[in-house]
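Summary of structural features
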Amino acid sequence: MALTVTLEEQYRDSREFSVSRDNAEQRFTFFICGNFLDEALDDPTYGPDDDLVAIKAAYSVIPPLRTVPTYAGGEMVLALASLSVRQIAPDEWKIEVTYDIPQGGGASGGGYGVPDDTYSGPDAGEGNATNFYQISFNVSASLGTRKQSLGAIACQKATGIANTTVPYSPGQPSPIGHTVDGVDGADVYLREFSFDIIRYMPPSELTVAYIRRLYRMATTINNGIFFGFPAFSVLFLEASASSDLFQVVPVTFSFKMRPNYVLIESNSTILQDPNEDDPALMFDQIGDPYFPAATRLGTGLPFSGWSQLDYRYRPAPDDASKMYLQKPYLRTVHKMYEASNFARLEI
Amino acid sequence: MSNEIQSNVNMWLSLASKTNGKTLSLFPSDYATLNKITYILPARTIRDKQDRITLVQVDKQELIKRLKSMFNFMTKEEITSELKEISNGPDSNS
């Protein structure tokens, strides 16, 4: 038989309200009636556990919060602070409920009286105001200089020159903008991806120690997987918030992401498969036929998207085309940012 | 949208997701407050002997769904999935 429950509030004795300098409290008294014995397990030694059935029924109907007016004219939300259940008859239990300001002056529930962890269900302990987030993002492009093309499309010598052999074959990455001193390169649009995550923090978590940690972590990259992005691909730029005593505080964290990469000895650059979900396989393969393949030293892992690829050119003769050309002779990958554990951001 | 409203919505979302059971019980005045943010029909009302409403119960999943879609809130998993989709550049074969 299904449990059916009715609830009746006690006349006059319920809703007692008291307010003091440090606290506000309201008490309610209800009577809950139902076929609790029908749903109880009858233990041969200890008897039926209809008390547990009644408690569960009470949990299901008692509101977790109560909004009350303040002396100043506003409102404050009180959280469920205590709940006691006492049997009156086999099918009737008396429930006394107290609502008050959560511990920490409203901080634990973000000032809105979100119930204490005791009544918050199986996820209790994470903080009540941190379940849901908002994001904003920006996909854009900015001008950068590319000194070596992705590949020559056509390369021809001027009409009338006897030796028609050219130094670059179709598809071969080649330096752009040769000068006597080096390679000027050409402007290209480079993709940029930035995103903000807004986390709603209880005021008590926004401590000076936490803010100091954010400052120390600004301009570092992630040393582990972060929101599905592989290690070393996300740069933490800034975090901003304006604290509040009585409500959850939106904290905005700003990040930029650049895809990690490996260098392959090839004419072709292979971008990461857009459907790839494994962070270990999320990297681009940049083709460079002039140097041996390279990965992060000693690890075999991709380079950070935030490491800088740097070429040095010098003039050298090209025997086939009988030309004197700028040729790459040194390639350096520079580390530009330190890494940190983004779990410490507590997003 | 002001931060205050957003944090209000976040409070309701957190509350709904952390309360046991299929419904969220509210006093009528709190139900009225919630309805200023998003209108949601009661799943059940509990009345006294004079037929006055003592408590209002709303469907938790429906409330979460409405608030999340109206104010574009997401869980960590949803953010992760969305960010991956946005960032995974052009198809390598294109």
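Refer to the preceding data block for the structure.
Every value quoted in this text rests on a predicted model; they were computed, and no experiment measured them.

Cut-offs used in this document
Residues numbered from 1 in each chain as written. Chains lettered and ligands numbered in written order. Predicted model: local features only at pLDDT ≥ 70, side-chain atom pairs only at ≥ 80, totals over all residues. Heavy atoms only, no water. Helix = DSSP H or I, 4+ residues; strand = E, 2+ residues; numbered from the N terminus. Buried < 20%, exposed > 50% of the residue type's maximum accessible area, 1.4 Å probe, protein only. Expected span 1.5 Å × (residues − 1). Arc of directions from axis to C-beta. Polar contact = N/O pair within 3.5 Å; in protein donor to acceptor, adjacent residues only side chain to side chain. Salt bridge = Lys/Arg side-chain N within 4 Å of Asp/Glu carboxyl O. Contact = heavy atoms within 4.5 Å. Buried area = accessible area lost by both parts, 1.4 Å probe. 1 Å grid on protein atoms, 1.4 Å probe; cavity = no way out; pocket = protein on both sides within 12 Å on 5 of 7 lines; lining within 4 Å. Points joined across faces, edges and corners; volume = space filled by probe spheres on them. Phe/Tyr/Trp six-rings, centres within 6.5 Å; stacked < 30°, edge-to-face > 60°. Lys NZ or Arg CZ within 6 Å of the ring centre and 35° of its normal. Pairing = 2+ DSSP bridges.

Structural notes on unusual backbone geometry
Of all residues except glycine, most have a negative phi; of all peptide bonds, most are trans. Phi at A:Glu346 is positive, roughly 55°, even though this residue is not glycine. Summarising the element assignment, A:Glu346 is placed in the segment after strand 18 (339–340). The class of A:Glu346 is partly exposed, set by a relative accessible area of 37%. In this model, B:Asp51 sits at a positive phi of 65°, which is unusual for a non-glycine residue. By the element assignment, B:Asp51 lies in the loop between strand 2 (44–47) and strand 3 (53–59). According to the relative accessible area criterion, B:Asp51 is partly exposed, its value standing at 48%.

Focus: helix 3 (residues 60–71) of chain B
Residue and element names in this part refer to chain B. Its twelve residues give helix 3 an end-to-end C-alpha distance of 16 Å, which sits within 8% of 16 Å, the value for a rise of 1.5 Å per residue. Taken as a whole, helix 3 has its buried residues at Lys 60, Leu 63, Ile 64, Leu 67, Lys 68 and Phe 71. Buried residues of helix 3 fall within an arc of 120° about the axis and therefore sit on the same side. Facing away from the buried side of helix 3 by more than 90 degrees, the exposed set consists of Gln 61, Lys 65 and Ser 69. Capping the start of helix 3, Asp 59 holds a side-chain oxygen 3.1 Å from the backbone nitrogen of Gln 61, two or three residues further along. Once helix 3 ends, the next one or two residues include Asn 72, with phi positive near 55°.

A word on the pattern of salt bridges
Residues and elements named next belong to chain A. This model, assessed by the stated rule, comprises 13 salt bridges over all chains. Arg 191 serves as the salt-bridge partner of Asp 284, at 2.7 Å between the closest nitrogen and oxygen. Of this pair, Asp 284 sits in strand 15 (residues 283–287) while Arg 191 sits in strand 10 (residues 186–201); the two residues are 93 residues apart in sequence, bridging distant segments of the chain. Judged by its relative accessible area of 8%, Asp 284 falls in the buried class. The class for Arg 191 is partly exposed, based on a relative accessible area of 43%. Close ionic contact of Arg 199 with Glu 205 constitutes a salt bridge, the shortest N to O distance being 2.7 Å. For Glu 205, a relative accessible area of 25% gives the class partly exposed.

Focus: the interface of chain A and chain B
On the side of chain B, 50 residues touch chain A, which itself brings 56 residues to the contact. Interface area for chain A against chain B, summed over the two sides, is near 4600 Å², with a carbon-plus-sulfur share of 61%. For the chain A face of the interface with chain B, the top three residues by lost area are A:Phe132, A:Ile135 and A:Phe227, together amounting to 16%. Taken together, the links from chain A to chain B amount to one salt bridge.

Observations concerning empty space enclosed by the protein
If you walk through the whole model with that rule in mind, you get three cavities of 30 Å³ or more. What the largest cavity holds in volume is close to 70 Å³.

Comments concerning the packing of aromatic side chains
The final tally for this structure, using the stated rule, is 20 aromatic pairs over all chains. On the numbers, 6.1 Å between centres and 40° between planes, the contact of A:Phe255 with A:Phe342 is tilted. Here the residue A:Phe255 occupies a position in strand 13 (residues 249–257), and A:Phe342 occupies one in the segment after strand 18, the gap between them amounting to 87 residues. Residue A:Phe342 is classed as buried on the basis of its relative accessible area of 4%. Aromatic side chains A:Tyr261 and A:Phe303 sit 5.6 Å apart centroid to centroid with 40° between the ring planes, which places their arrangement in the tilted category. With A:Tyr261 in strand 14 (residues 260–264) and A:Phe303 in the loop between strand 15 and strand 16 (308–318), this pair connects stretches of sequence that are 42 residues apart. Accessibility classification places A:Tyr261 together with A:Phe303 in one group, the buried group. Connected via pairs of aromatic rings, a cluster forms that spans A:Phe193, A:Phe195, A:Phe226, A:Phe227, A:Phe229, A:Phe236, A:Phe253, A:Phe255 and A:Phe342. Between the NZ or CZ atom of A:Arg66 and the centre of the ring of B:Phe27, over which it lies, the distance is 4.7 Å. Its end group placed over the ring of A:Tyr329, A:Arg314 keeps NZ or CZ at 4.4 Å from the ring centre.

Notes on the sheet that holds strand 11 (residues 220–222) of chain A
Residue and element names in this part refer to chain A. Strand order in the open sheet made by the six strands is 9-10-13-12-11-18, with mixed pairing throughout. Whereas interior strands pair on both sides, the edge strands pair on one side only; in this sheet they are strand 9 (133–146) and strand 18. Here 14 bridges tie strand 9 to strand 10, and the two strands are oriented antiparallel to one another. Across the sheet, residue Ala 141 finds its bridge partner in strand 10, namely Arg 191.

No statement about biological role is implied by the geometric values presented.
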